[in-house]
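For reference, the chains in residue letters:
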Amino acid sequence: MNLNHFTQSTYIAGFSGGLLIGFAAAMLVLFNGRIAGISGILGGLLQAGKEDKIWRVMFLLGLIAAPFIYRITFGLPAVTIEARTIKLIVAGLLVGIGTRYASGCTSGHGVCGISRGSIRSIAATLTFMMAGFITVYLTRHLLGI
Amino acid sequence: MLNISAFFVGLIFGLGLIVSGMTNPAKIIGFLDLAGAWDPSLAFVMGGAILIGSGGFALAKKRRRSLLGAPMQLPTATNLDKRLLLGSTAFGVGWGIAGFCPGPAVVSAAAGQPKAWIFVAAMLSGMALYSIIERRGK
């Protein structure tokens, strides 16, 4: 395992971004009494009969505004999306259905749930990370797809 | 007030995702690629988030109502059931295939990445499908 090609600055950026994410999660629960879980916030909008839709829309508008504000202040960092259309569709469907059945994703379980000390969220996080590790191993190293 | 606070929280959350590198799928796959050139920085993202988050939730747990007077709606489920474990497995497989989880996908779509639009459209379809299946089952 060779870690030299990752500069220290990527860890600092990761940690700083993490602090912001944690701060946002703390603010949402302290001010709104709500969990900052993106799949839950999105899912609630797609569920007929749910009444509390406005705060969800407002949260999403904030999330959507983020890249615009980041772009005019710092310029957006370059990203690489390797997956082709078919992979994006399959992956998107799995992420959409999976996170709703699991009642959470990286934010709801991984950040908020672990911060609450929820065993359920720790189990969910270990499960999706393990599934991710195995999937990347299979696609990248065994099957080459 | 609750809606204004939700907007700013969403904004800070989104900025955090961009700063941390979570919106770059190549970086996520780099973290998930233990057998390749493993990039551990996602662990730093989670560490930073949980460090602040745990303080926030410790304070929140002591309260019945939020600082703005809304009811505290903390999850109450504790069971490790099939839905949780199979759902998380499906999510992890999708995460590993594309390198996107829901938050970063939405931010990337807003940043104008056409591939993120495709992913988000499929993800929302998956979520809608869940709602339809759940409604039928009742």
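See above for the structure.
Residues numbered from 1 in each chain as written. Chains lettered and ligands numbered in written order. Predicted model: local features only at pLDDT ≥ 70, side-chain atom pairs only at ≥ 80, totals over all residues. Heavy atoms only, no water.

(A) Main features of the pattern of salt bridges. Under the criterion given, the structure shown has 7 salt bridges over all chains. Note that D52 of chain A is salt-bridged to R34 of chain A, the shortest N-O span being 2.5 Å. Here D52 of chain A, found in the loop between α2 (38-45) and α3 (54-73), pairs with R34 of chain A, found in the loop between α1 (8-32) and α2; they are 18 residues apart in sequence, far enough to count as distant. Accessibility expressed as a relative area gives 16% for R34 of chain A, which makes it buried. A salt bridge links R83 of chain B to E134 of chain B, with the nearest nitrogen and oxygen atoms 3.4 Å apart. (Salt bridge = Lys/Arg side-chain N within 4 Å of Asp/Glu carboxyl O. Helix = DSSP H or I, 4+ residues; strand = E, 2+ residues; numbered from the N terminus. Buried < 20%, exposed > 50% of the residue type's maximum accessible area, 1.4 Å probe, protein only.)

(B) A look at helix α4 (residues 82-98) of chain B. Residue and element names in this part refer to chain B. End to end, α4 covers 24 Å across 17 residues, agreeing with the expected 24 Å (1.5 Å per residue, within 8%). Taken together, the buried positions of α4 are occupied by L84, G87, S88, F91, G92, G94, W95, G96, I97 and A98. Of the residues trailing α4, G99 is marked for its positive phi of about 80 degrees. (Expected span 1.5 Å × (residues − 1).)

(C) Main features of the packing of aromatic side chains. Scanning all chains against the criterion turns up 11 aromatic pairs over all chains. Pairing Y70 of chain A with F74 of chain A gives two aromatic rings, centres 5.0 Å apart and planes at 50 degrees, and the pair type is tilted. Accessibility expressed as a relative area gives 13% for Y70 of chain A, which makes it buried. Relative accessible area serves as the criterion here: at 67%, F74 of chain A is assigned to the exposed category. A ring pair is formed by F100 of chain B and F119 of chain B, whose centres lie 5.2 Å apart and whose planes are at 45 degrees; its orientation type is tilted. Here F100 of chain B is found in the loop between α4 and α5 (102-110), whereas its partner F119 of chain B is found in helix α6 (residues 114-137), with 19 residues between them in sequence. Grouping aromatic residues by their ring pairs yields a cluster made of F128 of chain A together with F91 and W95 of chain B. Positioned above the aromatic ring of F68 of chain A is the side chain of R71 of chain A, whose terminal nitrogen or guanidinium carbon lies 6.0 Å from the ring centre. (Phe/Tyr/Trp six-rings, centres within 6.5 Å; stacked < 30°, edge-to-face > 60°. Lys NZ or Arg CZ within 6 Å of the ring centre and 35° of its normal.)

(D) Geometry of empty space enclosed by the protein. Enumeration over the complete set of coordinates arrives at 3 cavities of 30 Å³ or more. For the largest cavity, the calculated volume is near 130 Å³. Of all elements in the fold, only α5 (106-116) of chain A together with α1 (2-20), α3 (41-61) and α5 of chain B reach the threshold of two or more residues within the lining of the largest cavity. Residues belonging to the lining of the largest cavity are distributed by class as follows: 13 nonpolar, 3 polar and no charged. Computed from the structure, the second largest cavity encloses a volume of approximately 50 Å³. S20, G21, M22, K27, I28, F31, D39, S41, L42 and V45 of chain B are the residues that line the second largest cavity. For the lining of the second largest cavity, the class distribution of residues is 5 nonpolar, 3 polar and 2 charged. (1 Å grid on protein atoms, 1.4 Å probe; cavity = no way out; pocket = protein on both sides within 12 Å on 5 of 7 lines; lining within 4 Å. Points joined across faces, edges and corners; volume = space filled by probe spheres on them. Nonpolar A, V, L, I, M, F, W, Y, C, P; charged D, E, K, R; others polar.)

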